[in-house]
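Each chain, letter by letter, is given below.
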Amino acid sequence: QVQLVESGGGLVQAGGSLRLSCVASGRTFSSNVMGWFRQAPGKEREFVAGINRSGGTCYYADSVKGRFTISRDNAKNTVYLQMNNLKPEDTAVYYCAQKGGSRVVTTTRYDYWGRGTQVTVSS
């Protein structure tokens, strides 16, 4: 059974940084695409960043380009999201997701999801 467990969320002031982590188990980590999504109150879940199996190709939502960096450590079964220069509009629950295949997709068509970690950015 696949499990994805996020950590690293919290409360930070605008301009600050946080690093989210997601540890995966139950399926060969290096064989799967990983993604980060977020959902703010009253809004739909949206794509934030995605990374292919090797970590050589990454995709970002326009709203986070230049501020967020996704990476992965296949030896540790972990994907990370480094978030810098945080803004109040980044406040949301952040979810880690996993899908099979080789293509990163920006829709919510992922196979497995974590429970999420709350990120709150104060102004």
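Preceding block: the structure.
Note that the structure is predicted; figures quoted are calculated from it, not measured.

Basis of the calculations
Residues numbered from 1 in each chain as written. Predicted model: local features only at pLDDT ≥ 70, side-chain atom pairs only at ≥ 80, totals over all residues. Heavy atoms only, no water. Helix = DSSP H or I, 4+ residues; strand = E, 2+ residues; numbered from the N terminus. Rg over C-alpha atoms; globule rule 2.2 N^0.38 Å. Buried < 20%, exposed > 50% of the residue type's maximum accessible area, 1.4 Å probe, protein only. Contact = heavy atoms within 4.5 Å. Areas by Shrake-Rupley, 256 points an atom, 1.4 Å probe, with all protein chains shown as cover. Pairing = 2+ DSSP bridges. Salt bridge = Lys/Arg side-chain N within 4 Å of Asp/Glu carboxyl O. Core = buried A, V, L, I, M, F, W, Y, C linked by side-chain atoms within 4.5 Å.

Draft legend 1. Representation of the overall build of the protein in the model. Of regular secondary structure, the protein possesses zero helices and eleven strands. Listing every helix and strand of the protein by position from the N terminus yields β-β-β-β-β-β-β-β-β-β-β. Taken over the C-alpha trace, the protein has a radius of gyration of 13 Å; the compact-globule value for 123 residues is 14 Å, and the two agree within 12%. For the protein, the spread of C-alpha atoms along the principal axes amounts to about 40 × 25 × 25 Å. In the protein, buried positions account for 41% of the 123 residues. Excluding contacts between residues fewer than 6 apart, the proportion of contacts in the protein whose partners are at least 24 apart in sequence is 59%. Surface summary for the protein: the accessible area is close to 6,400 Å², and the carbon and sulfur share equals 43%.

Draft legend 2. Local environment of the environment of Gly10. Within the secondary structure, Gly10 sits in strand β2 (residues 10-13). When its relative accessible area of 24% is taken as the criterion, Gly10 is described as partly exposed. Sequence spacing of Gly10 and Phe47 is 37 residues, and the spatial spacing of their C-alpha atoms is 20 Å. If we ignore the near neighbours within four places in the chain, the residues touching Gly10 are Leu18, Gln118, Val119 and Thr120.

Draft legend 3. Molecular detail of the pairing of strand β11 (residues 117-122). Where burial is concerned, the two faces of β11 differ: the one with Thr117, Val119 and Val121 is buried and the one with Gln118, Thr120 and Ser122 is not. As paired elements, β2 and β11 share four bridges and run parallel to each other. Each bridged residue has a counterpart across the sheet, and for Gln13 the counterpart in β11 is Ser122. In this sheet, β11 lies alongside strand β9 (residues 92-99) in antiparallel orientation, the contact comprising three bridges.

Draft legend 4. Spatial organisation of the pattern of salt bridges. Summed over all chains, the structure comprises five salt bridges. Glu46 serves as the salt-bridge partner of Arg38, at 2.6 Å between the closest nitrogen and oxygen. Under the relative-accessibility criterion, Arg38 is labelled buried at 6%. With a shortest N-O distance of 3.2 Å, Lys65 and Asp62 are connected by a salt bridge. One exposure class covers both Lys65 and Asp62, and it is exposed. Within the structure, one salt-bridge network assembled from shared partners comprises Arg38, Glu46, Arg67 and Asp90.

Draft legend 5. Representation of the nonpolar core in the model. Trp36, Val48, Phe68, Val79, Leu81, Met83 and Tyr94 are the most contacted members of the largest nonpolar core, which has 26 residues in total. Counting only elements with at least two residues in this core, the list comes to β3 (18-25), β4 (33-39), β5 (46-51), β7 (68-73), β8 (78-83), β9 and β11. Residue contributions to this core peak at four residues, all from β3. Membership of the second largest hydrophobic core comes to seven residues, among which are Val33, Phe47, Ala97 and Val104.

Draft legend 6. How the structure looks around the pairing of strand β1 (residues 3-7). Only one face of β1 is covered, namely the face carrying Leu4 and Glu6; the face carrying Gln3, Val5 and Ser7 is uncovered. Sheet topology note: the β1/β3 ladder contains five bridges and is antiparallel. Considered in β3, the bridge of Val5 is made with Val23.

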